[in-house]
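Structure at a glance
One-letter residues, chain by chain:
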Protein chains: 2
Amino acid sequence: MAELTLEDIAKQVGVSRSTVSRVVNGSPNVSPEVRLQVEEAIRVTGFHPNAAARSLASQRTRVIGLVLPRSVSSFFTDPFFPQLTQGIAVGCNANDLSLSLFLVTNKEDEDKIMPRISRSGMLDGILVQSGRADDPLMDRLTNSRIPCVVLGRPFNHDCFNYIDVDNVKAAYTATKHLIDLGYKRIATITGSHGSTVTLDRIEGYVNALTEAEYIINPSLIAKGEFSETSGYEAMKSLLPHKPDAVFIASDLMASGAIRALQDSGLHVPEDIALVGFDDIPLAALTKIQLTTVRQPIPQIGTKAVELLIDLIENNTQPPRNFILDTELIVRDSCGANLHQKV
Amino acid sequence: MAELTLEDIAKQVGVSRSTVSRVVNGSPNVSPEVRLQVEEAIRVTGFHPNAAARSLASQRTRVIGLVLPRSVSSFFTDPFFPQLTQGIAVGCNANDLSLSLFLVTNKEDEDKIMPRISRSGMLDGILVQSGRADDPLMDRLTNSRIPCVVLGRPFNHDCFNYIDVDNVKAAYTATKHLIDLGYKRIATITGSHGSTVTLDRIEGYVNALTEAEYIINPSLIAKGEFSETSGYEAMKSLLPHKPDAVFIASDLMASGAIRALQDSGLHVPEDIALVGFDDIPLAALTKIQLTTVRQPIPQIGTKAVELLIDLIENNTQPPRNFILDTELIVRDSCGANLHQKV
DNA sequence: AGCATTCTTGGGAGCGCTCTCAATCTGTAA
DNA sequence: TTACAGATTGAGAGCGCTCCCAAGAATGCT
């Protein structure tokens, strides 16, 4: 059975291809009776318009891409990404869009994928996860003229539309919380080097300390890279410098840090207080429930889709951005509840 | 700047559209000099053929879909899925395919997504994660004639091409391992009710016990649903029945189970031995390293893509399946190392 | 009734590509 | 020289849709 076409339906009902097309696309200029007949025929036959032909004729595909650059290696380990993807999927489903996933795992992939992205007639727009400053993908993207929304603040942020949370403020709030609880040697475990997320969270941490007239001690700043293991290693490297509290740039790293502390026979929050970032489900499930900064992760995805749609439809200029709110979730790991109890 | 077409390149070089098309598609029937000239022009202009036009003319899109049915709710929490997705992405990249992601989160999504999947000219084929037996998606898929490979054994397995691991054998091996270590009251925490994965793993568990002439005790079989929390709950519900070992159908649930045991002041493996399933990175990172059944997760994805490509190109009949090997990774949680040391 | 206006409909020209078929050109053998 | 096989090329007909335009039907107004 060959695939049905508009023409087939038209013949069946006894109208023209154009009329069927109008019905399919919800044009108002069709008489009610004819519309009903055509709709019935479509229902009975199970006709679906051919997407390729539609795209070719209308120059629109109703497909958007989600690009995860090579420099975003935590995709496979950090629960952040599945949640983000879910938010994006919800946005796509709500708007009758399809989502194309481009996972760049190495240089060759990148060379293969770029043409597929920029190849006209493939994608109406793309969502790109912000990675490292030196990621060559961003440059290549700027050169292609496809509508694009960046997830997380990109480096040259006036060239791109983007969605982000206020990482500086969030990190400030988290650190301030530790200061207010009376901790004196507050360390931080950062995210991957070279990303804006990481820089912003460090900035917030530094701001809070500076405001409280603490001295910024470089040996209390340990570099992680958003993985559990890196959190473990970073915490280990921090221990000789005797921090009494640590602000950690992701919950996944925080769980690594907790493991390191357990291995060293230290207790959270009695010996060292912790604050994480993200509020992934795990945060509420660990033995010591994690105080953390909640990001509205799925909403970031959904909002990004909406911004992209607006961009595609109205080609708005200049680039805009949306900053979503975060919220400090106080649980046990920061010692706030401990202090109350005492 | 309007998008370039074959015709533009042809005009530039002074040949016909057909010749340029031949070069683009690597046809051998082009003289070396002309080929070089055309290639040069393509390089200089950065021309990319329009995907929609190609699809329309050739009836091939070079896009495959990954469908995650509503009944697969663990997508957002279980690290299994990002790893699987990575394997699929690698397979796609290697074969110049694009991957379209369809996350079904509710009934409305399903109704919206099905037409997008079956709509001709959109997808060359699809990969579907096997979910519950009563998932209506599978029926709808059987009716659509799009090439399809199922990830995990589907219920009516002679209707579908599928990739799976031998869950029965793997669960048997894991349980047998516990039997061999001398445990007497071996419990199990199962996966979500109604999926083949779950049934198969229970079957392997039962087989091993039966073979060893153990009595199958229903109160030692606790129902989980692949989430951390469900592992926690299931373990709690198991405790009154005093198991001395538990075979758990996923590592994520195992980490929930460990948490439950810690909360109850019990030690792994001294008080209760555990064996998990999957070998996600977490398994080697917990304080008590998890003995588990390793699945070659990314390979499942890559292999599935290869099978799908073969299906698309050769329309092979009847449906085939590939069963990949698993491997028991012995670490600390089963007590094997403990016994050795003693 | 006569005319302007709006609604509804069909026809046609693409969108940019693939693919078949026929035309041309080259070189070789008779 | 003529004929013919094989390589190379171009022309043309779609693929199934959208969208513009014009024709015809229906309505409203004076």
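Residues numbered from 1 in each chain as written. Chains lettered and ligands numbered in written order. Predicted model: local features only at pLDDT ≥ 70, side-chain atom pairs only at ≥ 80, totals over all residues. Heavy atoms only, no water.

**A look at the domain arrangement of chain A**
Residues and elements named next belong to chain A. Segmenting chain A into domains produces domain 1 (6-49), domain 2 (63-164 + 297-324) and domain 3 (167-295 + 328-341). Here the C-alpha centroids of domain 2 and domain 3 sit 29 Å apart. On the domain 3 side, the residues contacting the 16 residues of domain 2 number 14 residues. Between domain 2 and domain 3 lies a buried interface of about 1,200 Å² when both sides are counted; carbon and sulfur atoms form 52% of it. (Domains from an automatic or database assignment. Contact = heavy atoms within 4.5 Å. Buried area = accessible area lost by both parts, 1.4 Å probe.)

**Focus on the protein's contact with DNA strand D**
Surrounding DNA strand D, one finds 28 residues, the nearest of these being L6(A), R17(A), S21(A), S16(B) and R22(B). Of everything in DNA strand D that lies within 4 Å of the protein, sugar and phosphate atoms constitute 52%. Contact between DNA strand D and N50(A): a phosphate oxygen at 3.1 Å from a main-chain N or O atom of the residue. Elements represented by at least two residues in the surface near DNA strand D include exactly α2 (17-24) and α4 (51-58) of chain A together with α2 (17-24) and α4 (51-58) of chain B. When the residues that make up the surface near DNA strand D are grouped by side-chain class, the tally is eleven nonpolar, twelve polar and five charged. (Near = heavy atom within 4 Å. Polar contact = N/O pair within 3.5 Å; in protein donor to acceptor, adjacent residues only side chain to side chain. Helix = DSSP H or I, 4+ residues; strand = E, 2+ residues; numbered from the N terminus. Nonpolar A, V, L, I, M, F, W, Y, C, P; charged D, E, K, R; others polar.)

**Notes on the pairing of strand β4 (residues 148-151) of chain A**
Residue and element names in this part refer to chain A. Taking every second residue as pointing to the same face, both faces of β4 are buried, with C148 and V150 on one and V149 and L151 on the other. Examined bridge by bridge, strand β3 (residues 125-129) and β4 share four bridges and lie parallel to one another. Bridge pairing in β4 places V128 opposite V150. As a crossover connection, the stretch from β3 through helix α7 (residues 136-143) into β4 is right-handed. (Buried < 20%, exposed > 50% of the residue type's maximum accessible area, 1.4 Å probe, protein only. Pairing = 2+ DSSP bridges. Right-handed = clockwise from strand over helix to strand, strands pointing away.)

**Here's the deal with the relation of the copies chain B and chain A**
Between chain B and chain A, the superposition needs a rotation of 180° and an axial shift of 0.0 Å, giving an RMSD of 0.1 Å. The operation mapping one copy onto its partner corresponds to a two-fold rotation axis. In terms of C-alpha distance to the rotation axis, chain B has S100(B) as its closest residue, with the C-alpha 2.1 Å off the axis. Comparing contact sets, 100% of the residues at the interface of chain B also lie at the interface in chain A, consistent with an isologous, same-surface contact. (Least-squares fit on C-alpha atoms with pLDDT ≥ 70 in both.)

**Comments concerning the packing of helix α8 (residues 167-180) of chain A against helix α9 (residues 196-211) of chain A**
All names here are of chain A. In contact at an axis separation of 7 Å, α8 and α9 are set at 40° when each is read in the N-to-C sense. Our classification of the angle between α8 and α9 gives oblique. As for the relative orientation of α8 and α9, their crossing is right-handed in sense. Here N167, V168, A171, Y172, T175, K176 and I179 of α8 come into contact with α9, specifically with V197, D200, R201, E203, G204, Y205, N207, A208, L209 and E211. Grouping the amino acids of the contact of α8 with α9 by side-chain chemistry returns eight nonpolar, four polar and five charged. (Axes fitted to C-alpha atoms, helices over the stretch in contact; angles between N-to-C directions. Parallel < 35°, antiparallel > 145°, perpendicular 65-115°, else oblique. Left-handed = near helix turned anticlockwise from the far one by under 90°.)

**Thoughts on the state of the cysteines**
In total, this model carries zero disulfides over all chains according to the counting rule given. C148(B) supplies the cysteine sulfur nearest to C159(B), a cysteine that is in no disulfide, at a spacing of 11 Å. (Disulfide = S-S within 2.5 Å.)

**A word on the packing of helix α10 (residues 228-238) of chain A against helix α11 (residues 251-263) of chain A**
Residue and element names in this part refer to chain A. Close contact between α10 and α11 brings their axes to 6 Å; oriented N to C, the two are set at 45°. As the angle between them shows, α10 and α11 are arranged oblique. Our pair here, α10 against α11, has a crossing hand that is right-handed. Packed against α10, whose contacting residues are E228, T229, S230, G231, Y232, M235 and K236, the element α11 presents L252, M253, S255, G256, A257, R259, A260, L261 and D263 at the interface. When grouped by side-chain class, the residues that make up the contact of α10 with α11 number seven nonpolar, five polar and four charged.

**A look at the protein's contact with DNA strand C**
In the region of DNA strand C, 28 residues are neighbours, and T19(A), R22(A), L6(B), R17(B) and S21(B) sit closest. Taken together, the sugar and phosphate atoms account for 51% of what DNA strand C places within 4 Å of the protein. One of the backbone N or O atoms of S16(A) is found 2.8 Å from a phosphate oxygen in DNA strand C. Here a base oxygen of DNA strand C sits 3.5 Å away from a polar atom, N or O, in the main chain of A57(A). Elements with a contribution of two residues or more to the surface near DNA strand C: α2 and α4 of chain A together with α2 and α4 of chain B.

**Side note on the environment of V168(B)**
On the secondary structure map, V168(B) appears in helix α8 (residues 167-180). Discounting residues that sit within four places of it in the chain, V168(B) has contacts with D200(B), E203(B), G204(B) and N207(B).

**Brief notes about helix α5 (residues 80-94) of chain B**
Residue and element names in this part refer to chain B. Look at α5: 22 Å from first C-alpha to last across 15 residues, which is about the 21 Å you get at 1.5 Å a residue. The buried fraction of α5 is high, at twelve of 15 residues. Within α5, the full set of buried residues consists of F80, F81, P82, Q83, L84, T85, G87, I88, A89, G91, C92 and N93. A positive phi of about 55° marks D96, the residue just after α5. (Expected span 1.5 Å × (residues − 1).)

**Describing unusual backbone geometry**
Going from V268(A) to P269(A), the amide bond is cis rather than trans, its omega being 0°. One non-glycine residue with positive phi stands out, namely Q59(B), at about 65°. Along the chain, Q59(B) falls in the loop between α4 and β1 (63-68). By relative accessible area, which is 60% here, Q59(B) ends up exposed. In this structure, F226(B) is a non-glycine residue whose phi angle is positive, near 75°. The topology assignment puts F226(B) in the loop between β7 (221-223) and α10 (228-238).

**Quick notes on the side chain of R331(B)**
Residues and elements named next belong to chain B. Mapping R331 onto the fold places it in the loop between β12 (327-329) and α13 (336-341). The class for R331 is buried, based on a relative accessible area of 12%. Within the structure, the side chain of R331 is placed 2.8 Å from the backbone oxygen of L290, a separation counted as a polar contact. Not counting residues within four places of it along the chain, the set of residues in contact with R331 comprises D279, A283, A284, Q289, L290, T291, T292, R294 and N337.

**Description of the sheet that holds β1(B)**
As summarised here, the arrangement of the twelve strands in space is β11(A)-β5(A)-β4(A)-β3(A)-β1(A)-β2(A)-β2(B)-β1(B)-β3(B)-β4(B)-β5(B)-β11(B), forming an open sheet in which the pairing is mixed. At either end of the open sheet lies a strand with only one pairing partner, and these are β11 (321-324) of chain A together with β11 (321-324) of chain B. Taking each pair of neighbouring strands and ignoring which way they run, the sheet shows an average axis angle of 20°. Together, β2 (98-103) of chain A together with β1, β2 (98-103), β3 (125-129) and β4 (148-151) of chain B form the strand contacts of α5(B), whose direction differs from that of β2(A) by roughly 80°.

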